[in-house]
Amino acid sequence: MAHASQKCGWCYSQTNYFSSYSFSSLNDRDYLFHRLIGLAFACALGVTFLVLACALPEYNNWWPMFVLFFYVLSPLPTIVARRLSNGYDSSSSACIELCIFLTTGIVVSSIGLPIVLAHVAVIKWGACALVISGNVVVFLTILGYFKVFGNDDIDYSMW
Amino acid sequence: MSGFLDNCRWPRCECADFGEKRNFIVSVISGVMFFTGWWFVIDAAALYPDTERFNHAFQTPGVISTVAFFMINSVSNGQIRGEAYTTGCMGQTGARIWLFLGFLLAFGALIAASWILFGFYVVGNVDPDWPGIAVFLQNALIFFSAFVFKFGRTEDLWG
């Protein structure tokens with residue numbers, strides 16, 4: 001029986017994996033795959049909190065969606081600093097510290113925006129609390145992403 | 001009588017990792033303070049957008065304080081002492097003058113913010129006094145953030 005998984009080498013290996021279901025055959029690639037799924041779930045949960053803060057009938061106000069701008073911006077300083085520091089093997093440098101400073105600022109801004117919006121009474125305090133919970137989940141996800149996938153010794157050819 | 005506190009010691013703190021992470025922690029604290037200062041003023045400006053209650057000219061110390069932050073932190077201590085590999089674009093004397101101007105602007109902005117709060121909002125008994133407090137807090141936080149970022153980090157970790 002020829003089916004699509006025969007063409008995709010990865011799917012073929014996965015169907016073989018599921019047919020011989022034993023934990024002893026988990027390897028590094030599977031751990032990374034499971035963690036990627038976990039991170040994606042956590043990110044979806046965080047954005048769900050954000051959408052709830054906008055879409056619940058007692059709030060019904062889409063201003064909190066601007067926090068998405070800070071979510072997208074927050075990994076950028078770290079990515080730029082890691083790219084620029086290739087070749088330095090010191091534990092820290094001025095570039096890395098500036099990157100930490102800017103990332104902290106972006107996180108503080110994503111907390112400050114809902115608080116200011118609630119203080120000015122554009123959104124309600126309940127929506128502000130939901131947005132801040134969503135922020136915590138999403139930033140933990142981004143931190144988790146860098147912990148899991150940040151190391152340079154991941155061999156991308158295994159995908 | 002003199003020296004009677006000489007044998008008092010703080011309780012022992014076994015944080016062996018503090019040395020390696022010192023620059024990281026200092027960058028985070030400095031980032032939190034800097035951006036919190038700015039969000040206080042953003043809050044005050046959002047609450048009182050008219051110029052009668054929050055004169056738009058009062059934003060100036062915050063901007064100058066931010067410029068001073070970047071001036072102070074753009075020269076490393078090595079440049080000032082003359083220990084850096086290159087002399088930079090202005091040399092050691094130029095770096096010292098740059099740092100001096102940065103400190104000048106930082107102190108000037110802090111004094112201006114204090115003047116705004118006490119000379120205008122406190123003495124004049126202006127009723128929404130939150131703008132004055134916000135401007136003062138902004139400048140104080142940015143000032144201390146600049147000092148913490150400059151003197152809290154150690155360049156020994158830069159390798």
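Residues numbered from 1 in each chain as written. Chains lettered and ligands numbered in written order. Predicted model: local features only at pLDDT ≥ 70, side-chain atom pairs only at ≥ 80, totals over all residues. Heavy atoms only, no water.

1. Here we look at the overall build of chain A
For chain A, the helix and strand inventory stands at 7 helices and 0 strands. For chain A, the residues scored as buried account for 38% of the 159 residues in total. Long-range contacts, defined as pairs at least 24 residues apart, comprise 62% of the intrachain contacts of chain A with a sequence gap of at least 6. Counting every atom, chain A has about 9,600 Å² of accessible surface; 68% of that belongs to carbon and sulfur. (Helix = DSSP H or I, 4+ residues; strand = E, 2+ residues; numbered from the N terminus. Buried < 20%, exposed > 50% of the residue type's maximum accessible area, 1.4 Å probe, protein only. Contact = heavy atoms within 4.5 Å. Areas by Shrake-Rupley, 256 points an atom, 1.4 Å probe, with all protein chains shown as cover.)

2. A look at empty space enclosed by the protein
All names here are of chain B. The full count for this structure, using the stated rule, is 1 cavity of 30 Å³ or more. Of the voids in this model, the largest cavity is the one considered here, and its volume is about 60 Å³. Taken together, Asn-73, Val-75, Ser-76, Asn-77, Lys-150, Arg-153, Glu-155 and Trp-158 form the lining of the largest cavity. Its residues assigned to classes, the lining of the largest cavity comprises 2 nonpolar, 3 polar and 3 charged. (1 Å grid on protein atoms, 1.4 Å probe; cavity = no way out; pocket = protein on both sides within 12 Å on 5 of 7 lines; lining within 4 Å. Points joined across faces, edges and corners; volume = space filled by probe spheres on them. Nonpolar A, V, L, I, M, F, W, Y, C, P; charged D, E, K, R; others polar.)

3. Notes on the interface of chain A and chain B
Each partner contributes residues to the interface: chain A has 19 residues there, and chain B has 23 residues. Together, the buried faces of chain A and chain B total about 1,700 Å²; carbon and sulfur atoms form 74% of this surface. At the junction of chain A with chain B, the criterion picks out 1 salt bridge. As a salt-bridge pair, Arg153(B) and Glu97(A) come within 2.5 Å of each other at their nearest N and O atoms. Here chain A and chain B share 4 residue pairs in polar contact (both at pLDDT 80 or more) between them. Counting residues per element, the side of chain A that touches chain B draws most heavily on helix 6 (residues 94–119) of chain A, which supplies 13 residues. (Buried area = accessible area lost by both parts, 1.4 Å probe. Salt bridge = Lys/Arg side-chain N within 4 Å of Asp/Glu carboxyl O. Polar contact = N/O pair within 3.5 Å; in protein donor to acceptor, adjacent residues only side chain to side chain.)

4. A few points about the UniProt feature "transmembrane region" (unreviewed entry) in chain A
Residues and elements named next belong to chain A. Mapped onto the present numbering, the UniProt feature "transmembrane region" (unreviewed entry) falls on residues 36–56, 62–82, 94–117 and 123–146. With 95% helix and 0% strand, the stretch residues 36–56 has end C-alpha atoms that lie 29 Å from each other. Helix makes up 100% of residues 94–117 and strand 0%, whereas the separation of the span's terminal C-alpha atoms amounts to 34 Å. (UniProt positions renumbered as here; feature names shortened; annotations may be inferred.)

5. Digging into the pattern of salt bridges
Enumeration over the complete set of coordinates arrives at 2 salt bridges over all chains. Linking Arg53(B) and Asp50(B) is a salt bridge whose minimum nitrogen-to-oxygen distance equals 3.2 Å.

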